[in-house]
Amino acid sequence: KMRGPVDKINRTLDRLTFTPETNYVGEAYMTIHADDLGYANNSGLSTGVSLTDQQRLKFIIEPVNDAPVNNYPDDPWHLPRSATAIPLSGLSVTDVDVGTEVMSVFLAVGIGFLQIEDDDPVRNLDFENMTLDDINEKLAKVKYVPVPCSEYEDTFVMDSQDLGHTGSGGPQSD
């Protein structure tokens, strides 16, 4: 509720903002009621008869595309030097708004190799146009195959793309 000179009220209304709840999508309304309190003649004296107006504003809140989030262990993997495939536990992707749409995840290493089940080891794995559930099922099976006798640290890259299926803002990645 505001009360004061019209120019001061208008300056305050010019700075008014509306912020919906986080992740809210849909319609929202605001009602503005104005009452001149009987000061309709600009004389500063009340006429005793109030003039009023009321407007209902409608906001349509559109969804925005939230980015996927790559999940992996906080601590680096400490892997033994061997030629055997070692599971990379803790890999997954989340995306709050991808639903049943498809997305893509790219994995790469610099020195060693990646492997899923008994497939041939490769430097890159690309899970393209798959549902989030299918991607996470594949990620749970990813193994790292080190180069035998290598004393170098390896680099692991995980890039997830949601392909922009949901909301505004275009494709998002992590």
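Residues numbered from 1 in each chain as written. Predicted model: local features only at pLDDT ≥ 70, side-chain atom pairs only at ≥ 80, totals over all residues. Heavy atoms only, no water.

1. Side note on unusual backbone geometry
Consideration 1: Residues other than glycine seldom take positive phi values, yet Glu 117 does so here, at roughly 50°.
Consideration 2: If you trace the backbone, Glu 117 turns up in the loop between strand S7 (113-116) and strand S8 (124-131).
Consideration 3: Phi is positive for Asn 129, which is not a glycine, with a value near 50°.
Consideration 4: With respect to the helices and strands, the residue Asn 129 is situated in strand S8. (Helix = DSSP H or I, 4+ residues; strand = E, 2+ residues; numbered from the N terminus.)

2. What to know about helix H2 (residues 132-139)
It helps to recall that an α-helix has 3.6 residues per turn; residues three or four apart then point in one direction.
Consideration 1: All buried positions along H2 are accounted for by Leu 132, Ile 135 and Leu 139. Along H2, the residues classed as buried sweep out an arc of 65° about the axis, all on the same side.
Consideration 2: Residues of H2 that are buried sit in contact with strand S5 (92-94), strand S6 (102-109), S8, strand S9 (142-145) and strand S10 (156-161). (Buried < 20%, exposed > 50% of the residue type's maximum accessible area, 1.4 Å probe, protein only. Arc of directions from axis to C-beta. Contact = heavy atoms within 4.5 Å.)

3. Here's the deal with empty space enclosed by the protein
Consideration 1: This structure, assessed with the given rule, holds one cavity of 30 Å³ or more.
Consideration 2: By volume, the largest cavity is sized at about 30 Å³.
Consideration 3: Lining of the largest cavity is provided by Asn 65, Asp 95, Asp 97, Val 98, Asp 162, Gly 164, His 165 and Thr 166.
Consideration 4: Classifying every residue of the lining of the largest cavity by side-chain character gives one nonpolar, four polar and three charged. (1 Å grid on protein atoms, 1.4 Å probe; cavity = no way out; pocket = protein on both sides within 12 Å on 5 of 7 lines; lining within 4 Å. Points joined across faces, edges and corners; volume = space filled by probe spheres on them. Nonpolar A, V, L, I, M, F, W, Y, C, P; charged D, E, K, R; others polar.)

4. Some thoughts on the sheet that holds strand S4 (residues 86-87)
Consideration 1: Pairing is antiparallel across the open sheet formed by three strands, whose spatial order is S4-S9-S7. Of all the strands in the sheet, just S4 and S7 have a single pairing partner and so form its edges.
Consideration 2: Here S7 pairs with S9 via four bridges, running antiparallel. Opposite Phe 113, over in S9, you have Val 145 as the bridge partner. (Pairing = 2+ DSSP bridges.)

5. As for the pattern of salt bridges
Consideration 1: Evaluation of the coordinates by the stated rule reveals four salt bridges.
Consideration 2: Put simply, Glu 27 and Lys 58 hold a salt bridge, and the shortest N to O gap is 3.2 Å. With Glu 27 in strand S1 (residues 26-35) and Lys 58 in strand S2 (residues 52-61), the pair connects residues that are 31 residues apart, well separated along the chain.
Consideration 3: By relative accessible area, which is 38% here, Glu 27 ends up partly exposed.
Consideration 4: Taking the relative accessible area as the measure of exposure, Lys 58 reaches 46% and is therefore partly exposed.
Consideration 5: One salt bridge in this structure joins Lys 141 and Glu 137, with 4.0 Å as the shortest N-O distance.
Consideration 6: The partly exposed category is assigned to Lys 141, whose relative accessible area is 31%.
Consideration 7: Accessibility expressed as a relative area gives 47% for Glu 137, which makes it partly exposed.
Consideration 8: The network of salt bridges with common partners includes Glu 117, Glu 137 and Lys 141. (Salt bridge = Lys/Arg side-chain N within 4 Å of Asp/Glu carboxyl O.)

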